[in-house]
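# Overview (structure and organization)
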Amino acid sequence: MRRLRLRQPGRGSVPGASQQCCECGYTDIRDRALQARFRCRSCGVVAHADLNASRNIARKGDVAWAAGRESRVPVTSRR
Ligand SMILES: [Zn+2]
């Protein structure tokens, strides 16, 4: 059995991150026609595609991290 591929060809590790605007969250796969540049059709922001994607990934990471932290069982003082 082969090892799981961490990345699919032509895509980042987080699906959709490279198609989503880092400013307003608008997503359009057609925006990746130019691979090196992301242009939002909603708010018009222009950013480097990788930078835009990294911002989205960082934001997702923050949400996941915060959600995981908040879901912890409250510390009990009794023991
Ligand atoms: Zn936008």
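Refer to the structure presented above.
This one's a predicted model, so the numbers in the text were calculated from it and none came from an experiment.

## A short note on the overall build of the protein chain
Assigned secondary structure in the protein chain consists of one helix and two strands. The linear arrangement of helices and strands in the protein chain, starting from the amino end, is β-β-α. Burial statistics for the protein chain: of 79 residues in total, 14% are counted as buried.

## Examining helix H1 (residues 49-70)
Helix length check: H1, at 22 residues, gives a terminal C-alpha distance of 32 Å against a target of 32 Å (1.5 Å per residue), a fit within 8%. Residues of H1 that are buried include every one of Asn-52, Ala-53 and Asn-56, and no others. One side of H1 holds all its buried residues, which, seen down the axis, span an arc of 100°. Projecting away from the buried face of H1 at angles above 90 degrees are the exposed residues Leu-51, Ala-58, Gly-61, Asp-62, Trp-65, Ala-66, Gly-68 and Arg-69.

Each value, and the rule that gives it
- Residues numbered from 1 in each chain as written.
- Predicted model: local features only at pLDDT ≥ 70, side-chain atom pairs only at ≥ 80, totals over all residues.
- Helix = DSSP H or I, 4+ residues; strand = E, 2+ residues; numbered from the N terminus.
- Buried ≥ 20, exposed ≤ 12 C-beta atoms within 10 Å, placed from the backbone.
- Expected span 1.5 Å × (residues − 1).
- Arc of directions from axis to C-beta.

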